[in-house]
Amino acid sequence: VQLVESGGGLVQPGGSLRLSCAASGFTFRNYCMYWVRQAPGKGLEWVSGINTGGGVTYYTDSVKGRFTISRDNAEKTVYLQLNSLKPEDTAVYYCAASPHYIRTWDRAAYDYWGQGTQVTVSS
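Everything numeric in this text was worked out from a predicted model, so none of it was measured.

Caption draft 1: View of the side chain of S48. Locating S48 in the fold gives a position in strand β5 (residues 44-50). For S48, a relative accessible area of 0% corresponds to the buried category. One polar contact links the side chain of S48 to the main-chain carbonyl oxygen of Y58, over a distance of 2.8 Å. If we skip the residues at most four places from it in the chain, S48 touches M33, Y34, W35, Y58, Y59, I69 and L80.

Structure representation (structure tokens):
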């Protein structure tokens, strides 16, 4: 089983990035997918989730209206579009999978967890 994130990088405030998470080794279409982040020196924070079909999405309040989660079940990939980025969005972004709807930062609650991709928002 693998979840491989990509698309992170250094961006100026107000800029955009698109994160991708490619899944393999499990039945992707049967899993809800999530993004969880960890800012420097802070704990994990649940950011966003999407149901198995992609028709229902969830966001933490601080990213609503700026981030968009989506998925392509044929490509076994989940995306996170990050717009209007702020310095406080700087973090390592992790992709995670669970067959259930959950809203927690606790890594142990997820079946699968990626290695993370760094997003740095700075001028």
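Caption draft 2: How the structure looks around the pairing of strand β8 (residues 77-82). Most of β8 sits inside the fold, with five of its six residues counted as buried. As defined by bridge partners, strand β3 (residues 17-24) adjoins β8 across six bridges and the pair is classed as antiparallel. Looking across to β8, one finds that C21 is bridged to V78. Between the end of strand β7 (residues 67-72) and the start of β8, which pair antiparallel, lie four residues, with K76 showing a positive phi angle near 55°.

Caption draft 3: Just the pattern of salt bridges, in detail. On inspection of all chains with the given rule, the structure shows four salt bridges. A salt bridge links D61 to K64, with the shortest nitrogen-to-oxygen separation between them at 3.1 Å. Relative accessible area serves as the criterion here: at 60%, D61 is assigned to the exposed category. When the shortest N-O distance is used, the salt bridge between R66 and D89 registers 2.7 Å. Placement of the pair is R66 in the loop between β6 (57-59) and β7 and D89 in the loop between β8 and β9 (91-98), with a sequence separation of 23 residues. Assessed through its relative accessible area of 10%, R66 is described here as buried. When salt bridges with common partners are traced through the structure, they connect R37, E45, R66 and D89 into a single cluster.

Rules used throughout
Residues numbered from 1 in each chain as written. Predicted model: local features only at pLDDT ≥ 70, side-chain atom pairs only at ≥ 80, totals over all residues. Heavy atoms only, no water. Helix = DSSP H or I, 4+ residues; strand = E, 2+ residues; numbered from the N terminus. Buried < 20%, exposed > 50% of the residue type's maximum accessible area, 1.4 Å probe, protein only. Polar contact = N/O pair within 3.5 Å; in protein donor to acceptor, adjacent residues only side chain to side chain. Contact = heavy atoms within 4.5 Å. Pairing = 2+ DSSP bridges. Salt bridge = Lys/Arg side-chain N within 4 Å of Asp/Glu carboxyl O.

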